[in-house]
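Structural overview for review
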Amino acid sequence: AQSVTQPDIHITVSEGASLELRCNYSYGATPYLFWYVQSPGQGLQLLLKYFSGDTLVQGIKGFEAEFKRSQSSFNLRKPSVHWSDAAEYFCAVAAGNTGFQKLVFGTGTRLLVSP
Amino acid sequence: GAVVSQHPSWVICKSGTSVKIECRSLDFQATTMFWYRQFPKQSLMLMATSNEGSKATYEQGVEKDKFLINHASLTLSTLTVTSAHPEDSSFYICSARDPGTPKETQYFGPGTRLLVL
């Protein structure tokens, strides 16, 4: 069965510094990969997604992610973090054996932004 | 992007009562909706898949008689927590698949926080 690992429970970054959130997945075929962001007490907002093609995916709010098949990774990056980026970030995978219906989420990474 | 709403945003109820949560897709028709549960500081766990016009498919370990799901129209799914108990207190989030988007991307509602006293 597919699974997602986000090894960092929380990360603190200075405002203006670069950010990379790690995500590793386990799935035999090419997965469909997603990054979502959740602000406190809110639902999830889709940042970006990868289905096929260019392995570097651009998303909203200046985020990007790179799919690396050899490393089974889909890390999220942002060149310059803003205080408003403080939130919980979830990586998710949808697999073909479920008709790409079911999303399996990682445990999330909480991003703290320091002044 | 597609918009999914939930109502209510939060609810407090007494133990033993039932609570209904609505999930609506506002600008698209969703044949499939999903219900998730999220405990504090934890990830989302899929509870069930709701298909319009048919019975919901529940994940292993989720009591279907406890969490009743109805998807009577293409824009509305409801989750009813029956005979709620304090351990049912949680953050419930729905999502809807937009068939008009590539690979039918899921869009999430803002969530409903349930507190059972």
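A brief look at the structure comes next. Just so you know, these numbers come straight off a predicted model, no measurement behind them. (Residues numbered from 1 in each chain as written. Chains lettered and ligands numbered in written order. Predicted model: local features only at pLDDT ≥ 70, side-chain atom pairs only at ≥ 80, totals over all residues. Heavy atoms only, no water.)

Notes on the packing of aromatic side chains
Aromatic rings in a pair are described by how distant their centres are and how their planes are angled relative to each other. Threshold: In summary, the pairing rule links any two rings of Phe, Tyr or Trp, Trp by its six-membered ring, whose centres are within 6.5 Å, and it sorts them by plane angle into stacked for under 30 degrees, edge-to-face for over 60 and tilted for everything else. Numbering of helices and strands starts at the N terminus; helices are DSSP runs of H or I of at least 4 residues and strands are runs of E of at least 2. Each residue is assigned to one of three classes by its accessible area relative to the maximum for its type, calculated with a 1.4 Å probe on protein chains only: buried under 20%, partly exposed between the two thresholds, exposed over 50%.
Scanning all chains against the criterion turns up 14 aromatic pairs over all chains. With a centroid separation of 5.7 Å and 85° between ring planes, the pair formed by Phe 105 of chain A and Tyr 36 of chain B is classed as edge-to-face. Taken together, the positions of Phe 105 of chain A in strand E11 (residues 103–105) and Tyr 36 of chain B in strand E4 (residues 32–38) put the pair across two chains. Pair check on accessibility: Phe 105 of chain A and Tyr 36 of chain B agree, each one buried. Members of the aromatic cluster, each reached through a chain of ring pairs, are Tyr 32, Phe 34, Tyr 36, Phe 51, Phe 90 and Phe 105 of chain A together with Tyr 36 and Phe 108 of chain B.

Remarks on unusual backbone geometry
Cis geometry marks the peptide bond from His 7 of chain B to Pro 8 of chain B; its omega dihedral reads 0°. Counting through the fold element by element, Pro 8 of chain B comes out in the loop between strand E1 (4–7) and strand E2 (10–13). A positive phi angle is found at Ser 72 of chain A, which is not glycine, with a value near 50°. Structurally, Ser 72 of chain A is set in the loop between strand E8 (64–68) and strand E9 (73–78). The class of Ser 72 of chain A is partly exposed, set by a relative accessible area of 26%. Backbone geometry at Ser 83 of chain B places phi at a positive 45°, although glycine is not the residue there. Among the secondary structure elements, Ser 83 of chain B is positioned in the loop between strand E8 (76–81) and strand E9 (90–97).

Digging into the sheet that holds strand E7 (residues 67–73) of chain B
All names here are of chain B. Applied cut-off: The rule for pairing is simple: two strands pair if DSSP sees at least two bridges between them. For helices, the axis comes from a line fit to the C-alpha atoms of the stretch in contact; other axes are also lines fit to C-alpha atoms, and the angle between any two N-to-C directions lies between 0 and 180 degrees.
The strand order across the open sheet formed by four strands is E1-E3-E8-E7, and the pairing between neighbours is antiparallel. The sheet terminates laterally at E1 and E7, the two strands that pair on one side only. Taken pair by pair, the neighbouring strands of this sheet meet at an average axis angle of 15°, ignoring direction. Examined bridge by bridge, E7 and E8 share five bridges and lie antiparallel to one another. Residue pairing in the sheet places Leu 68 in a bridge with Thr 80 of E8.

A short note on a nonpolar patch on the surface
As a reminder of what qualifies: Only residues above 30% relative accessible area that lack a salt bridge enter a patch, with like-charged residues linked at up to 9 Å and the nonpolar side chains Val, Leu, Ile, Met, Phe, Trp and Tyr linked at up to 5 Å. All accessible-area figures derive from a Shrake-Rupley calculation using a 1.4 Å probe, and residue coverage is judged against the displayed protein chains alone. When a carboxyl oxygen of Asp or Glu is within 4 Å of a side-chain nitrogen of Lys or Arg, the pair counts as a salt bridge.
Side chains of Trp 10, Ile 12, Leu 115 and Leu 117 of chain B sit close together on the surface and give an oily, nonpolar patch of about 460 Å² of accessible area. Looking at where Ile 12 of chain B falls in the secondary structure, it is placed in strand E2.

Quick look at the interface of chain B and chain A
Stated formally: Two residues qualify as a contact provided that any one of their heavy atoms is within 4.5 Å of a heavy atom in the partner residue. The buried area of a pairing is the accessible area, by a 1.4 Å probe, that goes missing from both parts when the two are put together, added over both. Each residue is assigned to one class: nonpolar for Ala, Val, Leu, Ile, Met, Phe, Trp, Tyr, Cys and Pro, charged for Asp, Glu, Lys and Arg, and polar for all the others, Gly among them.
With 22 residues of chain B at the interface, the matching set in chain A holds 20 residues. Each partner contributes to the roughly 1,600 Å² buried at the junction of chain B and chain A, and carbon and sulfur atoms together form 55% of this total. The set of elements that each furnish at least two residues to the side of chain B that touches chain A consists of E4, strand E5 (44–51), E9 and strand E10 (106–108) of chain B. In terms of residues, the side of chain B that touches chain A owes the most to one element, E4 of chain B, which gives four residues. Looking at side-chain class alone, the side of chain B that touches chain A contains ten nonpolar, eight polar and four charged residues.

So, to be careful, I would describe these as geometric facts and stop short of saying anything about function.
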